[in-house]
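So you can see what is in the structure, the chains are spelled out below.
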Amino acid sequence: MEPKKLSRRDFLRWSALLAGVATLAACAPAKPTELPTVAASAASATTAPEATAASAEPTGTQAAEPTTAPATEAPSLAGEIEYFSYDLGPANKSREEIANAFQAANPGSKVKLTVLPYGDNWNKLAALMAAGTPPDVIYGDFSLLKYALAGQLLDLTEQFNADPVLSKPDLFTMDMRDPIQAKFGTSHLYNLVLGTWVPVLYYNRDIFDAASQSYPDDKWTWEDLRAVAKKLTDPAKQQWGVQFGTTLDTVGWLWWQHQPKDFWAIPQIFPEKTDFNNEVGLDVFSFWYNLGSQDKSAVPFSEMGSFQAYGAAFGAGKAAMVIGGDWDAGWGYRELPFKWGVTYLPTVKKDYRPALNCMVATSTIAAATKQPALAWQFARFMSASTEGQTLIGEGAYETPVLKDVAHSDAVLKPSWGAPGYDVRVKAAELPGPMYCPYPLDMDLWEFPSKHFDPTVQKLSTGEMKPEEAVAYLDKEGTPYFAEMTKNMPPIK
Amino acid sequence: MIAYGGRWGGLPHLPPPPPAAGRQGCAWPVATPSGRLLELEEASVQLDRALKPAGPRANAHRFRLSLQRREAIACALFIAPAVLGFLVFSLFPLLTSAALSLTDYHLAGWPRYVGLANYATLFGDDLWWQAVRVTGIYALCVVPLWLINSLALALLMNQNLRGMNVFRTIYYLPAMLSGVAVSMLWIWLLSYRYGLINTSLRLVGVQGPNWVGDKRWALFSIILMSQWSVGWYLPTWLGALQNIPTELYEAASIDGGGWWARIRYITLPMLSAVIFYNLIMNIIWATQLFTEVFMVTGGGPQFSTLSYMLYLYNNAFGYSKMGVASAMSWLLFLAVLLLTIAVFRSSPAWVYYEAERRRA
Amino acid sequence: MSTPTRATLPRQPFWSRRMRRTLLKVLTYLALVTGSLLFLFPLYWQVSTSLKTAQDTVRFPPVWFPVPLQWGNYPELLHRFPFALYMRNSVFISALVILGTLLSSSLAAYGFARLRMPGRDIIFMVLLSTLMLPGAVLLIPQFVMFQSLHWVNTYNPLIVPAFFGNPFSIFLMRQFFMGVPHDLEDAARIDGAGYLRTYGQIVLPLARPALLAVAIYTFLSTWNDFLGPLIYLSDEQKYTVAVALRYLQGSVRTRPENHLLMAAATLSIIPCVLVFFFAQRQFIQGTVISGVKG
């Protein structure tokens, strides 16, 4: 009798456990197909009947290479993966070279490149994700958090932690853990950083020389920039002192310099209310207002599209300075018909230079990939192998994150001789926390395109005053982000 | 974007066919049964009855029914692919999108039922009202302009002068070109600094406005661009004009009417059926303005050219708000439907159907 | 006294009818010629820009006629972008769509025009009402549907629906069929021909003008369609011309390259122009659908 009772209880216990496992497995995000397990250091994770189903990534990595030698022990993986990217201009070539190098190192593997114009690619990705046939590896210039939260991205935490190179922070110029993870203290990593960007100040040497004005340097403040911009504005010659980059970028840098610890009160996912209407906000937006409508030393937004040159007015030689991304140097500014220079962004006050490395280029892997191991290898190749990182550096679009490569001549002295790469490398390594500013919001375009950009444009023409602008943005932003937060699934 | 009235739904930018031979001037002709065939059937039934000795009447009945039924079956088979296509590619997606309009769906995850919240959101959305306003202004300007300009052109060309064929070719050609290519061309023509229009103005010392970058001019530029394709309607106007019997004009000139009277009392009424048709199609087409604003202004400086379809596209593919986009499309559908019904209802007052007169 | 002599005729007004008519002719020509110049000039500008050097495109005063003609722009364009491939793709899709549309739409149109069944007209009205649907409302559900059939990144979503009828073509052809007199059909039916045979051998050959019109409209529409290919084709190799143009517009950013953009635009409109001239007689004379008279 006793044994029978026990066995029934045992039976119940085991069936409850199995039912629990089954339920959890059913609730978990889509698992990729089973991999050939590769001999390696890790773990028992695949065998325990627990909720590791949630992490959805079988362990088992290649024996990773040290920073100098390519992988020797890794068995080569076969299969085909798709690498989804947007148009990088001349740097597209670097992606092809990376694909070829990877294929050479892993015979039997094939990397298919899909390149679409920027913007179209996000739309296409959304459609592919919705339809369940996403590309395997996705190149992003921001965190694809919304897909992560929907369980559509592979959790890379274990791979990352088990990797001999990636897990060593000293080998890299920045904290390689997912910026989201870093900021919000989650324990899951979805992005693998492969490069960084920094905002920089470009200036047209010819215009400065013609006005006998000394070049900008790393001691400049924003007030210096405003003064010089005014001086170099000449309506008769249709010349302006400064041209701003995208509003999101430029407002972001200014804002962040004011309060680097709190990064950017603007589009983050988690605030219940936005906080534009404060001292910092007024300061930042007044700057736009002054430059645009008071000094009239900034290129009018309405005319930005009319210059037949990369870089709009700056590229056409009509603007003395522009705040831009360092990727411009590797892309369109290669062939500008005038001499130009690069320096750090101005600061809010003298001798105050917080870290401004706030954009990262990353690889993410779709959870529905049929080749998770190969996808991981490819992503890792781009981020942590010397060969991959060197090719990234030579592409001159991102700054490599592997320290050795970032300080190598290939990056600091590109073959086509552009100035300023040392600036970007140094700026990327400024001490300080690294955050990825935008768009952490769920939907990339909505708040900026509907409210933010138009507000800044109205400011620069004088239609709106700074006080009105910040009040308006709070009025629109608070319910928008509150709604977004409400609809978000919780971050595990 | 909107392909040929195909499975993408929607109206292609195409003119209606010229009315068939003037006899069926009504825009929605009703099929007349093949009277003669019915007579023949009747005759054969009678013959059958006469020849068959004392056969049960059921036979004759069956013969007759089966003929009708055979025809019905044949009809069903003929139209089956089209009906199937309608069900699969139009009705089913339509119902799905109606359902979607009641959900919050972001393409990542599952749709979440929210009832009429999307519609409420739209009515409270400033940008939605802006899109309605922009599209309304565009349609209000463009529809009459299209009708008047193309008709004026057709009237000019309806004369039997030499070389009219060449002119017809010239005016018709721009209308056949692709929306994307045309938009690219106009972007280049309207460029503030280097576009042909402004450089030509500069030659005579006038500083042209920023056609595409100035929010006061952008919508005007889009409207202007649209007039390049007035030639589309030439074939239908010309066909209809040629169907007007010349006796009427001769009678008018005998009665002493000038050219304006001729137009007003003869041409326009005789064309009213085609005007009616074109009016409806133009309304439908104008409210779906997309390609030009998408390519040339992207919604325009500060949303001054944010057409309804563009805002819909932004919601669907930019902000991934599928539910809201579906709601928008249903509202558009309703608006267009109401407008069309209004035009239909008003039609007895001003549309004249030749066919009806002849029948009476 | 009965016949008026020259002396008794009323004096002719200065603007005699003949002079008035001539003046009208002159004015008409003037208006039409001016309008033609305005209408054609953008096209001329497009072609001439495509034959300029990059610097000439932005020169002021504008270069009205480029000397020498930079024919090399076209090979350069084809070298940088596989435009010939894109055009081939567009042709392929258009051909199949035309075939499918002609087959299915004429069948359905004949059914609607000539054959009777209960509810036929209601079905027809319902079918036509789809013309008023905004295209975007069907787009996402259709995409998901095609995705589940694994048809994304193939040409199928662009081609297969054409084989299931097209409301506009059906309407066009129905109008036409209804104008066809019954005599020939009745004769065929009496001779015992089935419905399909009557349709195929008797009516369809008569419908050549209508079929031609449908083919032309279909070609133009398919050639110019760009949202469909954008959504469904992710391989660059599969791009059609319209999508490629947009891609070009977006990706050509490093220097003023309007000469290449205009060259691409010119290449993309050439087939339309060719088709147009081919069909010009039928179209312009506007008698296409008037159908069989008498």
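Conventions we followed
- Residues numbered from 1 in each chain as written.
- Chains lettered and ligands numbered in written order.
- Predicted model: local features only at pLDDT ≥ 70, side-chain atom pairs only at ≥ 80, totals over all residues.
- Heavy atoms only, no water.
- Helix = DSSP H or I, 4+ residues; strand = E, 2+ residues; numbered from the N terminus.
- Buried < 20%, exposed > 50% of the residue type's maximum accessible area, 1.4 Å probe, protein only.
- Contact = heavy atoms within 4.5 Å.
- Areas by Shrake-Rupley, 256 points an atom, 1.4 Å probe, with all protein chains shown as cover.
- Core = buried A, V, L, I, M, F, W, Y, C linked by side-chain atoms within 4.5 Å.
- Salt bridge = Lys/Arg side-chain N within 4 Å of Asp/Glu carboxyl O.
- Pairing = 2+ DSSP bridges.
- Polar contact = N/O pair within 3.5 Å; in protein donor to acceptor, adjacent residues only side chain to side chain.
- Axes fitted to C-alpha atoms, helices over the stretch in contact; angles between N-to-C directions.
- Buried area = accessible area lost by both parts, 1.4 Å probe.
- Nonpolar A, V, L, I, M, F, W, Y, C, P; charged D, E, K, R; others polar.

**Considering the overall build of chain B**
Secondary structure assignment for chain B yields 15 helices and 2 strands. Here chain B holds 360 residues, and 56% of them are scored as buried. Look at the contacts in chain B between residues 6 or more apart in sequence, and 65% of them connect residues 24 or more apart. As displayed, chain B offers around 15,900 Å² of accessible surface, 66% of which is attributable to carbon and sulfur atoms.

**Quick look at the environment of A:Met321**
Take A:Met321: it is sitting in strand E7 (residues 319–325). Along the sequence, A:Met321 and A:Ala229 sit 92 residues apart, while their C-alpha atoms lie 7.7 Å from each other.

**A look at the nonpolar core**
Among the nonpolar cores identified, the biggest contains 279 residues, and A:Trp340, C:Phe83 and C:Phe177 are the most heavily contacted of them. In this structure, A:Tyr289, A:Leu291, A:Ala320 and A:Leu473 belong to the second largest nonpolar core, which totals 40 residues.

**Focus: the pattern of salt bridges**
Evaluation of the coordinates by the stated rule reveals 25 salt bridges over all chains. Residue A:Asp295 is joined to A:Lys230 by a salt bridge in which the shortest nitrogen-to-oxygen separation is 4.0 Å. Here the residue A:Asp295 occupies a position in the loop between helix H10 (279–294) and helix H11 (312–315), and A:Lys230 occupies one in helix H8 (residues 222–232), the gap between them amounting to 65 residues. When the shortest N-O distance is used, the salt bridge between B:Lys321 and A:Glu446 registers 2.6 Å. Taken together, the residues B:Lys321 in the loop between helix H13 (308–318) and helix H14 (322–350) and A:Glu446 in helix H18 (residues 446–461) connect one chain to another. Classification of A:Glu446 as buried rests on a relative accessible area of 3%.

**As for the pairing of strand E5 (residues 199–204) of chain A**
Residue and element names in this part refer to chain A. For E5, the buried fraction is high: 6 of the 6 residues fall into the buried class. Across the two faces of E5 the burial is the same, with Pro-199, Leu-201 and Tyr-203 and Val-200, Tyr-202 and Asn-204 all buried. As paired strands, E5 and E7 are joined by 5 bridges and run antiparallel to one another. Across the sheet, Pro-199 pairs through a bridge with Gly-325, a residue of E7. Sheet topology places E5 next to strand E8 (residues 340–343); 4 bridges connect them, and they run antiparallel. The residue of E8 that forms the bridge with Tyr-203 is Gly-341.

**Things to note about the side chain of C:Ser104**
All names here are of chain C. With respect to the helices and strands, Ser-104 occurs in helix H4 (residues 83–114). The buried category is assigned to Ser-104, whose relative accessible area is 5%. Separated by 2.8 Å, the side chain of Ser-104 and the backbone oxygen of Gly-100 make a polar contact. Apart from residues lying up to four places away in sequence, Ser-104 is in contact with Ala-162, Phe-163, Phe-164 and Gly-165.

**Description of the environment of A:Ala469**
Residues and elements named next belong to chain A. Tracing the backbone shows Ala-469 in helix H19 (residues 466–487). Residue Ala-469 is classed as buried on the basis of its relative accessible area, which comes to 0%. A sequence separation of 193 residues divides Ala-469 from Phe-276, and the C-alpha atoms of the two residues are 8.8 Å apart. In this structure Ala-469 touches Thr-455, Leu-459 and Met-464, once residues within four positions along its chain are discounted.

**Structural notes on the sheet that holds strand E6 (residues 240–243) of chain A**
Residue and element names in this part refer to chain A. The strand order E6-E7-E5-E8 describes an open sheet built from 4 strands, whose pairing is mixed. Here the strands that pair on one side only, and so sit at the sheet edges, are E6 and E8. Across the sheet, the mean angle separating the axes of adjacent strands is 20 degrees when strand polarity is ignored.

**Remarks on the interface of chain A and chain B**
Facing 26 residues of chain A, the contacting portion of chain B comprises 25 residues. Between chain A and chain B, a total of about 2,100 Å² is buried, with carbon and sulfur atoms accounting for 47% of that surface. The tally of links between chain A and chain B comes to 4 salt bridges. The tally of links from chain A across to chain B stands at 8 residue pairs in polar contact (both at pLDDT 80 or more). Within the residue set of the side of chain A that touches chain B, elements represented by two or more residues are helix H3 (120–131), helix H4 (145–149) and H18 of chain A. Of the residues forming the side of chain A that touches chain B, the biggest block, 6 residues, is contributed by H18(A). For the side of chain A that touches chain B, the per-class residue count stands at 10 nonpolar, 9 polar and 7 charged.

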